[in-house]
Amino acid sequence: MVHFKSRQEHDLQVAKCQEMLQQRKALKPLTLKYTQSNTLRSGEYKHNADTIDLSAFNAILAIDTLKCTATVEPRVTIRELTEATLKYGFIPLIVPEFETITVGGAINGAALESTSHKYGQFNDTCIEYELLLGNGTLLKANQEENSDLFYGMSGSYGTLAILTLVTLKLTQAKKGVRLKLTKFSSSQALIREMQLSFNNAKRPDIIEGGLLAKNWAVLITGSYTDTFSTNRLFSQKHSWDPWYYQQITESTAKADQIEVDMPLTDYLFRFDRGAFWMGRYLLSWPSMVQIALKWRLPEVISKISETASKLTPRTHPSLLFRTLFGSVLSSKRLYEVWHKVPKELSEQLFFIQDFYTPLDKVEEAFETFNEKTGIFPMWLCPILGTSTPQILSPHFSENQKNFINIGLYGVPKKGKPVPELTAECEEILHKMGGRKMLYSQTYYSKKLFAEIYDLPRYEELCKKYFSYNVFLPIYNKIINRS
């Protein structure tokens with residue numbers, strides 16, 4: 001449900017938080033009160049911390065149709081933001097695909113999407129932040145005022161300042177999306193086509209890709225449209241509709257090229273059901289009954305390895321299965337399940353990572369990560385790099401490189417323990433000049449992390465803006481240590 005509030009109501013809430021911070025004398029670090037998280041961390045770092053509750057910061061203050069902007073609080077979800085702006089004929093420039101990602105989470109967590117080849121990350125579409133510092137000071141940050149903090153917020157996971165208000169850009173909405181699916185017989189052909197797209201000044205609104213198998217790759221390009229003219233429509237409105245990746249797979253199994261239409265919000269949140277394809281690891285009736293009834297969740301894990309060994313590119317949930325369990329397999333529900341499974345099980349079983357890889361290294365990276373993990377499908381998403389000082393952001397590079405994000409979500413082939421495998425892939429990515437998103441399980445040594453993310457520069461920001469000894473440092477947070 002979308003909430004609206006006045007500026008006066010918002011300012012009163014901010015004043016309460018300011019007073020708490022100004023009077024706070026505790027020596028424990030301060031972190032947000034636990035809420036449903038779209039990170040994979042368990043929240044152990046919060047056990048020895050004080051908390052601040054921002055759940056009331058969940059409203060929209062203004063939608064300006066002349067300036068094409070929205071001013072919203074950080075706990076507004078992407079679904080709520082999109083629903084509100086659509087009533088005025090607008091959508092955000094970048095819409096992360098999971099409905100319950102919040103505006104604050106998309107900024108602090110450095111979210112991207114299939115329009116990122118044009119606009120970069122979600123935070124790159126933001127104009128201004130209102131921020132509370134660790135000492136209770138309230139300030140604005142934008143490209144001109146407190147610009148180092150403005151750029152530093154991306155990928156900081158709430159360790160620099162408390163976000164209380166965001167002004168972001170909007171674009172005019174259309175009724176739907178026309179997608180063109182092009183099948184390739186090799187990963188190299190798809191990757192090269194994506195690399196070439198950055199040289200095309202008239203490239204489409206949407207670019208993403210999927211590596212379904214070693215010899216089965218699909219390029220997905222699309223443009224926003226007000227007319228549906230093809231004979232094929234992809235829908236995600238009903239629980240019984242095929243999952244998006246299932247529609248892509250079944251369509252390209254029959255034709256090397258096809259055009260389809262999708263209603264706008266169906267496309268924007270196309271990966272929410274099944275959380276890309278992670279839900280297919282639960283395609284057993286005993287697992288789903290246990291999840292649906294919240295019974296003995298850890299026992300589900302023992303069935304996943306068995307399921308994973310039998311998966312093929314054509315393994316999909318049946319019509320009956322989708323009808324019965326469609327709502328259970330939303331990204332929100334799957335994250336709930338994830339955070340109830342013991343860490344020693346989930347961390348040892350799943351490899352869930354987003355690797356931002358420089359364009360000229362993507363083919364090499366694919367071959368390396370495929371050989372080490374054996375995971376399919378893979379999601380590929382081109383993203384415009386930035387040289388603005390977003391020192392913690394995965395798309396930051398001093399010389400403005402562009403990237404392709406390689407999304408690896410699945411159960412890796414048997415071999416090294418997942419933490420060891422992840423640490424090895426992290427180091428390989430670094431040597432290629434890439435960075436990863438930090439929502440996932442992370443195993444960097446502090447020395448390597450400091451080298452990649454310019455820890456001394458980050459610590460200077462912490463001291464300048466009074467977060468030092470108030471908020472948990474970024475390294476402690478991403479490795480889940482208080």
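Think of each chain on its own: its residues are numbered from 1, step by step along the sequence as written. The model is predicted, so local features are restricted to residues of pLDDT at least 70 and side-chain atom pairs to those at 80 or more, both for listing and for counting; the totals for chains, interfaces and linings are taken over all residues. Note that water and hydrogens are dropped before the side-chain values are worked out from all heavy atoms of the structure.

Colleague: Summarise the overall build of the protein; cite the residues concerned and give the values.
Modeller: Put simply, DSSP marks the helices as runs of H or I at least four residues long and the strands as runs of E at least two long, and each gets a number from the N terminus on. When helices and strands are counted, the protein shows 18 helices and 16 strands. It is over C-alpha atoms that the radius of gyration is taken, and the globule rule equals 2.2 Å times the number of residues to the power 0.38. Expected size for 482 residues packed as a compact globule is a radius of gyration near 23 Å; at 22 Å, the protein falls within 12% of this value. In terms of principal-axis extent, the alpha carbons of the protein reach across some 65 × 50 × 50 Å. In the protein, which comprises 482 residues, the proportion classed as buried is 59%. Note on contacts: a residue pair qualifies if any of its non-hydrogen atoms lie within 4.5 Å across the two residues. Across the protein, every contact between residues at least 6 apart in sequence was considered, and the portion connecting residues at least 24 apart equals 74%. Summary of the burial criterion: residues with accessible area below 20% of their type's maximum are buried, those above 50% are exposed, and those between are partly exposed, where the area comes from a 1.4 Å probe applied to protein chains only.

Colleague: Residues and numbers for the packing of aromatic side chains, please.
Modeller: Each Phe, Tyr or Trp ring (for Trp, its six-membered ring) is paired with any other whose centre lies within 6.5 Å, and the angle between the two planes then decides the class: stacked below 30 degrees, edge-to-face above 60, tilted in between. As enumerated under the stated definition, the model contains 23 aromatic pairs in all. With a centroid separation of 5.9 Å and 70° between ring planes, the pair formed by Phe98 and Phe276 is classed as edge-to-face. You can see Phe98 sitting in the loop between strand E5 (90-92) and helix H3 (103-108) and its partner Phe276 sitting in the loop between helix H8 (264-268) and helix H9 (285-292), a full 178 residues away along the chain. Both residues of the pair, Phe98 and Phe276, belong to the buried class. Consider the rings of Phe351 and Phe355, whose centres lie 6.2 Å apart with planes at 75°: the pair is edge-to-face. Considered together, Phe351 and Phe355 belong to a single accessibility category, that of buried residues. Clustering of aromatic rings is evident, with ring pairs tying together Phe98, Trp243, Tyr244, Tyr245, Tyr267, Phe271, Phe276, Trp277, Tyr335, Trp379 and Tyr409.

Colleague: Please set out the pairing of strand E14 (residues 378-383) residue by residue, giving values where relevant.
Modeller: Burial of E14 is extensive: six of the six residues sit out of reach of the surface. Residues Met378, Leu380 and Pro382 point to one face of E14 and Trp379, Cys381 and Ile383 to the other, with burial holding for every one of them. One bridge is not enough; two strands pair if DSSP finds at least two bridges between them. Judged from the three bridges that link them, strand E10 (residues 206-213) and E14 form a sheet pairing that is antiparallel. Looking across to E14, one finds that Leu211 is bridged to Met378. Here E14 pairs with strand E15 (residues 403-410) via six bridges, running antiparallel. In the strand pairing of E15, Leu380 is matched with Ile406.

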